[in-house]
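Topology and contacts: notes
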Amino acid sequence: MVKTRKKTIKKIKIHKINGGKASPAPPIGPILGSAGVNIMEFCKQYNLLTQNKIGEICPVVITVYEDKSFSFLIKKPPVSIQLLNAVKKEKGSKESNRSKIGKIGLNEVKMIAKNKIEDLNCFSIESAMSMVSGTARSMGIEIDR
């Protein structure tokens, strides 16, 4: 028996979507509707898989196939969100080189890097830590060495 693969017609990335709270309202509804995806089915499946992450931002990559079926991959929260949670702030600094919003230690940087390494474009924990450190600096967060 030969198993044929479905032909992919579209990949959709949605970055600002809260875990456990997907609904057909914008931005999800219009994006998926234009691709011909069953919006309610996506929302049900997404909410089921992210019910333990309510309130966290969980980006998703949706693959739409020729027959209008879909599959999706839930990614980890963005590094910037994890850094803001670590320093317990709402937003980063407007002038990151002048005003700092907080400090984090290397252990926290390493923890965030380990959590996010599968979504980053790197292969070692050191390079992931470097990427996280760069994001922290650009947000006005000092790294306590």
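Residues numbered from 1 in each chain as written. Predicted model: local features only at pLDDT ≥ 70, side-chain atom pairs only at ≥ 80, totals over all residues. Heavy atoms only, no water.

1. Here we look at the layout of surface pockets
Empty space among the atoms becomes apparent when a probe as large as a water molecule is rolled across them. Quantified by volume, the largest pocket comes out at close to 230 Å³. Elements with a contribution of two residues or more to the lining of the largest pocket: strand 1 (8-14) and strand 2 (60-65). Residues of the lining of the largest pocket, tallied by class, amount to 7 nonpolar, 1 polar and 5 charged. (1 Å grid on protein atoms, 1.4 Å probe; cavity = no way out; pocket = protein on both sides within 12 Å on 5 of 7 lines; lining within 4 Å. Points joined across faces, edges and corners; volume = space filled by probe spheres on them. Helix = DSSP H or I, 4+ residues; strand = E, 2+ residues; numbered from the N terminus. Nonpolar A, V, L, I, M, F, W, Y, C, P; charged D, E, K, R; others polar.)

2. Quick notes on the pairing of strand 2
Counting buried positions along strand 2 gives 6 out of 6 residues, so the element sits mostly inside the fold. Going residue by residue along strand 2, you find Val-60, Ile-62 and Val-64 tucked away on one face and Val-61, Thr-63 and Tyr-65 tucked away on the opposite face as well. In terms of strand pairing, strand 1 meets strand 2 through 6 bridges, oriented antiparallel. When the bridges of strand 2 are listed, Thr-8 appears paired with Tyr-65. The sheet contact formed by strand 2 and strand 3 (residues 70-74) spans 5 bridges and is antiparallel. Each bridged residue has a counterpart across the sheet, and for Val-60 the counterpart in strand 3 is Ile-74. (Buried < 20%, exposed > 50% of the residue type's maximum accessible area, 1.4 Å probe, protein only. Pairing = 2+ DSSP bridges.)

3. As for the packing of helix 3 (residues 79-87) against helix 5 (residues 125-139)
One way to put it is that helix 3 packs onto helix 5 with a least axis distance of 10 Å and a crossing angle of 65 degrees. When the interaxial angle is binned, helix 3 and helix 5 end up roughly perpendicular. By crossing handedness, the relation of helix 3 to helix 5 is classed as right-handed. In this structure, helix 3 uses Val-79, Ser-80, Leu-83 and Leu-84 to contact helix 5, whose residues at the interface are Val-132, Thr-135, Ala-136 and Met-139. When grouped by side-chain class, the residues that make up the contact of helix 3 with helix 5 number 6 nonpolar, 2 polar and no charged. (Axes fitted to C-alpha atoms, helices over the stretch in contact; angles between N-to-C directions. Parallel < 35°, antiparallel > 145°, perpendicular 65-115°, else oblique. Left-handed = near helix turned anticlockwise from the far one by under 90°. Contact = heavy atoms within 4.5 Å.)

4. Topic: the side chain of Thr-63
As for its position among the elements, Thr-63 is in strand 2. Setting aside its immediate chain neighbours within four residues, Thr-63 contacts Thr-8, Lys-10, Lys-11, Ser-69, Phe-70 and Ser-71.

5. Regarding the packing of helix 3 against helix 4 (residues 106-116)
In contact at an axis separation of 11 Å, helix 3 and helix 4 are set at 150 degrees when each is read in the N-to-C sense. Judged by the sense of rotation from one axis to the other, the crossing of helix 3 with helix 4 is right-handed. Facing helix 3, whose interface residues are Val-79, Gln-82, Leu-83 and Ala-86, helix 4 presents Glu-108, Ile-112, Asn-115 and Lys-116. Taken together, the residues of the contact of helix 3 with helix 4 sort by class into 4 nonpolar, 2 polar and 2 charged.

6. Topic: the pattern of salt bridges
Considering all chains together, one arrives at 2 salt bridges under this definition. Among the ionic pairs, Glu-95 bridges to Arg-98, the shortest N-O distance being 3.1 Å. A residue is classified by how much of its surface remains accessible, and Glu-95, at 40% relative accessible area, is partly exposed. Asp-119 is the partner of Lys-116 in a salt bridge, and the nearest nitrogen-oxygen pair spans 3.4 Å. (Salt bridge = Lys/Arg side-chain N within 4 Å of Asp/Glu carboxyl O.)

7. With respect to helix 2 (residues 39-49)
Looking at helix 2, one finds that the buried residues are Ile-39, Phe-42, Cys-43, Tyr-46 and Asn-47. Buried positions in helix 2, seen along its axis, are confined to an arc of 120 degrees and lie on one side of it. The exposed set on the far side of helix 2, more than 90 degrees from its buried face, consists of Lys-44, Leu-48 and Leu-49. Where helix 2 is buried, its residues contact helix 1 (28-35), strand 2 and strand 3. If you check the start of helix 2, you find a side-chain oxygen 3.3 Å away from the backbone N of Met-40, and it comes from Asn-38. (Arc of directions from axis to C-beta. Polar contact = N/O pair within 3.5 Å; in protein donor to acceptor, adjacent residues only side chain to side chain.)

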